[in-house]
Amino acid sequence: MGLRRLFVFVASCFVTLNVVAQTSVLHVGEVLAVPGESPLKQQTIVISDGVITDMQSGYIEPSKFDADAVYIDLKQQFVLPGLMDMHVHLQGELGPKNDSEMLKMSNPLMQMRSYMFAMRTLNAGFTTVRDVGSSGQEMYAMRDAINKGWIDGPRIIAAAFVGITGGHADISGIKPEFMEFLDEQNHTICDGPYDCRRATRHAIKYGADWIKITSTGGVLTDRATGTGQQMEMDELQEVVLAAKRMGRKVTSHAHQEDGIIAALQAGVASIEHGTYTSDSAIQLFKQSGAYLVPTLLAGDTVVQMANNTDVLSEAQKAKALKVGADMQGNFAKAYKAGVKIAFGTDSGVSKHGINAQEFLLMHKAGMSPMEAIKTATVNAAALIDMSDTLGTIAVGKQADIIAVDASPLDNLEELLDVDFVMKGGKVIKQ
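Residues numbered from 1 in each chain as written. Predicted model: local features only at pLDDT ≥ 70, side-chain atom pairs only at ≥ 80, totals over all residues. Heavy atoms only, no water.

Undergrad: Give me the lowdown on the side chain of T200, citing residues and values where you can.
TA: Along the polypeptide, T200 turns up in helix α6 (residues 193-205). Residue T200 is classed as buried on the basis of its relative accessible area of 0%. Discounting chain neighbours no more than four positions away, the residues touching T200 are V162, I211, V239, A242 and A243. (Helix = DSSP H or I, 4+ residues; strand = E, 2+ residues; numbered from the N terminus. Buried < 20%, exposed > 50% of the residue type's maximum accessible area, 1.4 Å probe, protein only. Contact = heavy atoms within 4.5 Å.)

So, in structure tokens, the structure goes:
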């Protein structure tokens, strides 16, 4: 066979393979198509070019939709929409080697590790994540490569940190000379409203989908600066306004009541952690429609670390034992009061790939399995303005679909071991 004929033959095979992969037909035993509604049994789901094009009761012969359709048998499994985690940090994982990694790990190597963490997350059934604080250009590159289909990975909504000098978003725990060096490269640390306006615009210029502010101190800041309000009201308001002008939403890390209230008054779309959510804050949540992203898994993780390891400094341990222990009870209070909840773990504090453990902690705090699943599907999609394409299994939506052996409505631990993952119509795990 001549070179030209060989090229034509290979190309035709490639085209044929693409055609075969264009339509998939799933026969599913039970499906929670819309979390919050009753599951359906014995359904046929048809997917073309990554989008759900049909869904019918009963098991319809795949060839009736496409003679070359790919058939996927999920008759013995429980199917639900791809899960969504609204608070991850894909570029790291809390551990004893963090200091040496900061000194020794190159940015390209960090990027490769980030991809490993991203795939662990995807294989755990989380097809969409909101990364709320990473080294921007590397995270934007991975987001864009996934969106272009160059590599597999969860859909990434990338947020950039905007914070004040010495606050939770700023550098801590290293010698001053190294901090000075890193300060020169950090253009989203700001002081005063006009500087915070500049920092917000800078973050958006370089690719941020969202802005994340830190209205209070944080547990893992290696300074004894507390977890109360740190950003001033005029700074918070200016960040929210600058982001709004450029079509972006803002979320705020916040632990103590004063910082939660200030961030909500400034107009943020969500609060991360919300550890000490008071009655006044609950009222503001409900008035504004903002979401609480509770990150109970992070609280549980830092308590365990403070009690059983030397990973945390003394300043971090003191905050971890107090804040981490209080998270679950305050979450229960906010949930029972009717605050809207979106699922988030703070993975990177906890290990990547165990995100579903958050469901168990939410359930322990009083949330039903159905409501817990809804936070990671319907609610999360609404928070990131993607309800038209994600969050449920319906005609016209992206084919983000996972499957487990039995109903997680009966036992949420089923979500700890996801057997099948499809993202955008492509089978990732089977």
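Having seen it, we continue.
Undergrad: Now, about the pattern of salt bridges: what can you tell me, with residues and values included?
TA: Tallied over the entire structure, the rule returns 13 salt bridges. A salt bridge links K333 to D279, with the shortest nitrogen-to-oxygen separation between them at 3.5 Å. Here the residue K333 occupies a position in helix α11 (residues 314-336), and D279 occupies one in helix α9 (residues 279-288), the gap between them amounting to 54 residues. Across the salt bridge formed by D310 and K317, the nearest N and O atoms sit 3.7 Å from each other. Classification of K317 by relative accessible area gives buried; the value is 14%. Three or more residues are tied together by salt bridges with common partners; here these are R143, D144 and D209. (Salt bridge = Lys/Arg side-chain N within 4 Å of Asp/Glu carboxyl O.)

Undergrad: Could you give me a rundown of the sheet that holds strand β14 (residues 401-404), with the residues and numbers involved?
TA: An order of β3-β2-β1-β4-β14-β15-β16 is seen for the 7 strands of this open sheet, with the pairing classed as mixed. Of all strands in the sheet, those with a lone pairing partner are β3 (51-57) and β16 (426-429), marking the two edges. Here the average twist between neighbouring strands, direction ignored, is 35°. Strand direction decides the pairing type here: strand β15 (residues 420-423) and β16, joined by 3 bridges, are antiparallel. Each bridged residue has a counterpart across the sheet, and for K423 the counterpart in β16 is K426. Helix α3 (residues 107-123) contacts β15 and β16 of the sheet and is inclined by roughly 100° relative to β16. (Pairing = 2+ DSSP bridges. Axes fitted to C-alpha atoms, helices over the stretch in contact; angles between N-to-C directions.)

These figures capture arrangement, not role.
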